[in-house]
Structure formats: C-alpha cells, structure tokens
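Take a look at the letters that make up each chain.
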Amino acid sequence: MLKALMLKELRDVRGIAVLALLIYTFLLTYAIRPTLWWDYVPAARMWEYGRPSPTLLPFIEDSFTPGFVVASAVLAVALGLWQSAGEARRGTFAFLLHRPVTRRQIIVLKLSVGVTAYLLCGAIPLLAYSFWAATPGTHAGPFEWSMSWPAWTRWWATTLVYAGAFLTGIRPARWYGTRLLPLIVAVVGFAISAGIAFEYPQTALWVCLAILAANIWLLSAILFVTQTRDFS
Amino acid sequence: MTTRTNRLQAMLMAVLLAIGAALAWGMVAGWVVMIILDNVNRSPRQVWESVKVLRDGTPLIKSSSESTGQYTSATYRTLDGAQISERPTGDYLGAAILWAPAGTTPAWTRPSWNRRIRQLFRYEITTEAWYAVHDGNWQGHAYLVGFDVSTKRTIGYVGKHGFRSDAPPVDDQFPVSVGRFGYSGYFDPGQITFGAAYILTDEGLMQIDWDKRSVRFVFQEDNLISMATWAEYEPDDTKPQKLLFFVRSSDSVRLLDLAGNVQEMIALPAELRNGNLSWAPLGDGRTLAWDQGPTVELLWLDATGIVKRQKVDLHLQQNEDSDRKKMTLVSLIAPVPVICGAVSAIVPLGSQTAPGTGSPWTRLAETVADAWPPMLIVFALGVVLAWLCYRRQRQFGMPWTPAWVVFVFLFGLPGYIGYRTHRQWPTCLPCPSCGRTAPRDRPTCCHCHRDFPAPAANGTEVFAENTSAI
C-alpha cells in the first residue's frame, strides 16, 4: 500500500519536477552561454539592453544564483500547495484517507516524496553549475568550492518554503484570512537564513541546523492539523 | 499521540500563526506609516555642514540641506558667519582624506566571498580581467590573479615580489587585514594612477606597475594606517606635474615622492590620532587639518607643531524624533507588548551615552517617562485580549488556561489571532442539565459534568452490539 501511495505521489509531482528541470536548464544555459539565446533566438534581443556579458564570478556576481533562488522558492510553493490544497480541490482526500494506513503515514509519505523530489531537482543544476565553474577555461575569474556554499544553504533553506506552503494548503482556513500566515513565516525565515548564510559564511552549518529545527516545527504543525482537521 | 503532545503541538501552531500575523501586520502597517510620514513631513529634515578650503588657505563652511530626498543648493559662509557667494570649483583647495585605523572584528567572523574578491577595472585594457583575492583571515594575505577574457585562462598572478605564472605562496602574498582590503586609502589595487596602482599593505606602501609588470616598495614601514595620493598641478595647467603620497602612521603624516623620499613630515597632535582626517596642504610648509565630526577643530600645523587652532560648530539639524514618536511608530507597526517592552528597555540600556547625560538606567527612566502613552495602550490591549482568551478558555472548558492567557498577553493582537485560529473550535449548544452553553466535542458538559442526553430514537439507528441474538 505504501509503495502504491509513493508511486501515486511521484506521478502527482512529476509535472512540477519536469517544469523545474526545464527552468533550471534555461537558467544554466543562460549563465554558461548567455549569448546562446542572443545568437539563435532573435526575439531574445528585445529583452536586453545590449549583448549579455559573460559570467565572470560564479556564485558571486552571476545571473544563475538569483534566478535559481527565486525559481526554487516559487516551485517550492507550487509543489507544497499542489500536494495539499490540490488534493482537496480534486476531492481526493476522502478516498486517500480511507486507505488502510494512518493519516500520519499518508502525510509523512507525501512530505517525503515532495521534499526528496524538490531537493533532487535543485541539486542537479547546482552541481552542474559548480562543476562548470570549477573547470578551467570556462570563465574569466577565480573559483573555489566554498563560493558555492551560500547557494547550497539557500537550496536547503527553500525546504522551509515548501513546508510552509504545504501547511498553508492543508489548513482549513480562509485564503483571505489566516490561511497564508504559515507561508509568510516560512518565506521570511527563508530570507533571513539565506541572508545570514551569505553575509557570514562561517555560520552556514548553524543556519542549516536552524532550518532543520524550523522544518521539524512546521512538520509538527502539519501533523497537528492532519490529526485534528475534519476532511469531510 | 498523547494528550500532552497534542496540547504542545497546539501551542506551537498558535505561536507559528502569531508570528505570521505579526509579520503580516508589521509589513502592511509599516508601509502605510512610511507613506503617511513621507507625505506629511515635508519640512527640511537634515542640514549638514562641511569645511572647504580656498586656495589662499581660507577655510569656509558649506551648508547643504535635504528634505524627503530632495537636495537644495549649498550656501557658504566664513568662520565669522558672513555669507559669501559660491566660488568656482577651481578656487578650492582639495583635501586628502586619511582614514582612521580600520576597526576590529571578532576572530570567529569571516567575510563572505563578495568582500574577499575585488575586480580591478582597467578600462584601457579589455582583453584582461584582474582580481584581488583575500584569504578571509583578519590579519590575512591577498594576491592578484589575471585572466584572458577571450580564452578564459589564467595569464598570471601578482604577489609582493612581483608578477609570476603560478599562484603565490602565503609568504609571497601581500599582507593586509581584511578590514582594509579593497578600500580606497588602504589596499585598493583598482585605483590606477599613471599606469600603476599604489596599495598600502601591513608592510608599507607598494607600487604595482602594470606596464612594466613590476612590484616594488615605495616606502617600507610596518603598521601604516592609511594613505592618499596627491597630485601637484601648475596654477594654469590642468595636467598634474608630480605624484605624491600622504601616508599616515599612528603619530605622524608624511609626504612622500615616487621614490619614497620623505618630503615633509608633520607630527599628529593627540586630538587628530583617532578619527578620519582631512588634510589640506597650504603650500607654505603649513597644513590645515581637521577631524570629521559635529564639532570641528581646525588645526594649522607645520614641522614644529600646532601653529594655530580654531573650533567650529557645524550645524547638524537632523530632526531627532522623540521617544514618544518612536514608540508610537513601534506600537503601530508591532502592537506586541513583549516587543514594545524590549524596544523601550534594550535601546536605552544598550546605547552609548554621551558624557554628562547619565547612566543607561537614567536614559531608560527618561524613555519610559516620555513614551508611556503608546506603551500603555499596547499593554492595555494585551490585558483586554488576555481576558478575552481567559473567557473563551472557560467557555470551552479548555486546558492550559494560564499558559494561553500569558501567551496572548505577551504577544498581544498577533497572539490572540494565533490563539483563535490555531484550531477548529467545536460547536457550543446549551446543556439540557445546567442550561449553560457548552462545547459538544465531548460526552459530558464541561460545567456541570453531567452526560449529555442521547438523541431521541427515530427507528433508523444501527446498533453494533449484541449481534449474536440475530
């Protein structure tokens, strides 16, 4: 049963995962070959004020990292809401919760599949970009692997946004009322942790641990809502 | 899940929602307050003055004012207060800025990479990209590395012993603290003058000649604090004739030529040794110097010491908001008793007080005496909401009443929103036994503790027990 539920969740998230990989691929190619679109897609010239300049300092002054962070946050929100509010919208919660497994198991499985899919989809382009930057002759600037730590910290911090979106989707409240409050907390927490890790890189490990603690807190809230909500 | 775990989860959920409500309220209220303040407060908010020196050595005071981002034109007056008209730019004698010793940071901090790398812009060379890279340690080292823009390959490195093809070891790198790395007047290899960069390391003033690909010491001395380049012009010629340097140590300022020879040395009096210095050589062996601050003392110096001194009060009419106004703004943006209490206590206790203004505790008492009305409103709101919470807890017969009441009082309006919305509240109906309104999520009344009567049978009930009789 759990295996079947897992496969069901994977089918549910594959659309967002494919979209994420497409977006990351675009960001990656734009960072590595910014003139690719300029040369082959004439419409791209309308977006630019001039010929794009090449990436000189990956992870420090580049076009990939800001785009990656914004895209990851948006995709995390979409994934969290799709897995929680999407079930309610499709009316499938009642069928799901009548399976011979506990509510807690169902929700934990959803979260596990969602966060694993998100982390994998985000890690692939980050690794690809890091290896490109570490290869000599790819950009006219210095590179050390520690330059990528803030990006990895932000990749991990985006799990807060995913958990906040999931909690927002599963709470039985009005959208114009208090339903979005967990997402607001998650987004602000993500912004603060990402900023601290960027300004004080020696605190990256502590920031990651704090994010883990915050994720546990959000998980506790999600399980509380799961146990107390009337899904009928 | 145990009952205690469930209650703890409920509390955590309420805290989460309270934080969200506080953030949402703060963002909206802050935005509204900023709009109102920008539109209401149109009077000049800030006036600041600075010292300017004419070529004949006469100091003037320049006044500029700013109101909601709009800068007005500057006015000039003499030290006696007489207003004078603005002079052409060429009439003014520039002053070199010699920065104060760089501050210290805790040993455990390490700057981010965007502070450890400086790109050097050499606009005449477009085929090379050069960077200064620091190791991030407080008393650390730096080196330069260059890349070919077209092939993207490394073309060379620069250490303190010169240009080289491989990365320099630590003992060949420039010793420079990270606090001075990349800043003008310290280690700034991006400032190119006549094809060379002049940088201040912990071991002295060095020249990096990009054309000759050489590095040399201009002036070797440990613990120099800051430097400034100085170009001497002919009166009717805009082309500089000589390039000179001012280097500042802990007790003196020296004027050096390109060969590192000391042309002039002036001892720094004690009152000029700590702050940022403005240094204007008057050309007759004297220098006019002053420390930048609200009360400026102009010192005329020569090789023998202080020749003349004159104090000048620079008007800094920055509209200081009163404690009451500040606390009102805090109360509007964050109507949370614990935040208001913390702001009113921490700010005066943690602030540096000027001599003669009393201890931080005195400052705290003054802040409370001035800002008590908005604080009272916030705390009163907290009390009212805590009472509403207590009443609801009694109405629904809920546990942990003291914890919830304290939570709502401390976190005020956001706390009450978190309390009310953290769960779905059961329906309340009058109890048939005692008549009081009681929640119907349990079998007994929470007031009289009697069982609620079963609903009247209507013939459609399905009974699960006693199936063996069928």
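Quick note: structure is the one above.
What you see is a predicted model, and the numbers here were worked out from it, not measured in a lab. (Residues numbered from 1 in each chain as written. Chains lettered and ligands numbered in written order. Predicted model: local features only at pLDDT ≥ 70, side-chain atom pairs only at ≥ 80, totals over all residues. Heavy atoms only, no water.)

**Q** I'd like to hear about the overall build of chain A, residue by residue, with values.
**A** Along chain A, the regular secondary structure elements total eight helices and zero strands. The helix and strand sequence of chain A, counted from the amino end, reads α-α-α-α-α-α-α-α. The principal-axis extents of the C-alpha atoms in chain A amount to approximately 60 × 40 × 35 Å. Contacts spanning at least 24 positions in sequence make up 76% of the contacts within chain A whose residues lie at least 6 apart. Surface accessibility of chain A: about 11100 Å² in total, with carbon and sulfur atoms responsible for 71%. The distance from the centre of the 18 positive side-chain charges to the centre of the 10 negative ones in chain A is 15 Å. (Helix = DSSP H or I, 4+ residues; strand = E, 2+ residues; numbered from the N terminus. Contact = heavy atoms within 4.5 Å. Areas by Shrake-Rupley, 256 points an atom, 1.4 Å probe, with all protein chains shown as cover. Lys, Arg positive; Asp, Glu negative; His and termini not counted. Charge placed at Lys NZ, Arg CZ, Asp CG, Glu CD.)

**Q** Any chance you could break down the pairing of strand β11 (residues 154-159) of chain B for me, citing the residues and the numbers?
**A** Residues and elements named next belong to chain B. Summarising the sheet, strand β10 (residues 141-148) and β11 pair through four bridges and their orientation is antiparallel. The residue bridging Val 145 from the neighbouring strand is Tyr 157, located in β11. What sits between β10 and β11 in their antiparallel hairpin is a turn of five residues, with Lys 152 showing a positive phi close to 65°. By the bridge criterion, three bridges tie β11 to strand β12 (residues 162-164) in an arrangement that is antiparallel. In the strand pairing of β12, Val 158 is matched with Phe 163. The loop that links β11 with its antiparallel partner β12 comprises two residues. (Pairing = 2+ DSSP bridges.)

**Q** Summarise the sheet that holds strand β22 (residues 277-281) of chain B; cite the residues concerned and give the values.
**A** All names here are of chain B. The five strands are arranged β7-β22-β23-β24-β25 in an open sheet whose pairing can be described as antiparallel. The strands lining the two open edges of the sheet, one partner per strand, are β7 (96-98) and β25 (305-313). Within the sheet, the average angular offset between the axes of one strand and its neighbour, ignoring direction, is 25°. Strand direction decides the pairing type here: strand β24 (residues 295-302) and β25, joined by eight bridges, are antiparallel. Counted as the bridge partner of Leu 299 is Arg 309 from β25. (Axes fitted to C-alpha atoms, helices over the stretch in contact; angles between N-to-C directions.)

**Q** Tell me about the packing of helix α6 (residues 149-170) of chain A against helix α8 (residues 204-228) of chain A, and please be specific about residues and values.
**A** All names here are of chain A. Here α6 crosses α8 at 15°, and the two axes come no closer than 9 Å. With respect to α8, the element α6 is oriented roughly parallel. Considering the relative orientation of α6 and α8, their crossing is left-handed. Within the contact between the two elements, α6 uses Thr 153, Trp 156, Ala 157, Thr 159, Leu 160, Ala 163, Gly 164, Phe 166, Leu 167 and Ile 170 and α8 uses Ala 204, Val 207, Cys 208, Ile 211, Leu 212, Ala 214, Asn 215, Leu 218, Ala 221, Ile 222, Val 225 and Thr 226. Residue classes in the contact of α6 with α8 are distributed as 17 nonpolar, five polar and no charged. (Parallel < 35°, antiparallel > 145°, perpendicular 65-115°, else oblique. Left-handed = near helix turned anticlockwise from the far one by under 90°. Nonpolar A, V, L, I, M, F, W, Y, C, P; charged D, E, K, R; others polar.)

**Q** Tell me what's going on with the interface of chain A and chain B, and back it up with residues and numbers.
**A** Contacts between the two partners involve 40 residues from chain A and, on the opposite side, 40 residues from chain B. Between chain A and chain B, a total of about 3300 Å² is buried, with carbon and sulfur atoms accounting for 71% of that surface. For the chain A face of the interface with chain B, the top three residues by lost area are Ala 140, Trp 217 and Phe 224 of chain A, together amounting to 20%. Between the two partners, chain A and chain B, sit one salt bridge. The salt bridge involving Glu 199 of chain A is made with Arg 115 of chain B; its shortest N-O contact spans 3.0 Å. Where chain A touches chain B, the interface holds seven residue pairs in polar contact (both at pLDDT 80 or more). Secondary-structure elements contributing two or more residues to the side of chain A that touches chain B are α7 (181-199) and α8 of chain A. The dominant element in the side of chain A that touches chain B, judged by the number of residues it contributes, is α8 of chain A, at nine residues. (Buried area = accessible area lost by both parts, 1.4 Å probe. Salt bridge = Lys/Arg side-chain N within 4 Å of Asp/Glu carboxyl O. Polar contact = N/O pair within 3.5 Å; in protein donor to acceptor, adjacent residues only side chain to side chain.)

**Q** Outline the pattern of salt bridges, supporting the account with residue identities and numerical values.
**A** A side chain with one charge can pair with a side chain of the opposite charge if their charged atoms come near. Residues and elements named next belong to chain A. Under the defined criterion, the tally for this structure stands at 19 salt bridges over all chains. Glu 87 is paired through a salt bridge with Lys 110; the nearest N and O atoms lie 2.7 Å apart. Of this pair, Glu 87 sits in helix α3 (residues 64-90) while Lys 110 sits in helix α5 (residues 103-134), and the two are 23 residues apart along the sequence. According to the relative accessible area criterion, Glu 87 is buried, its value standing at 1%. (Buried < 20%, exposed > 50% of the residue type's maximum accessible area, 1.4 Å probe, protein only.)

Everything listed here is a matter of geometry and, on its own, says nothing about what the molecule does.
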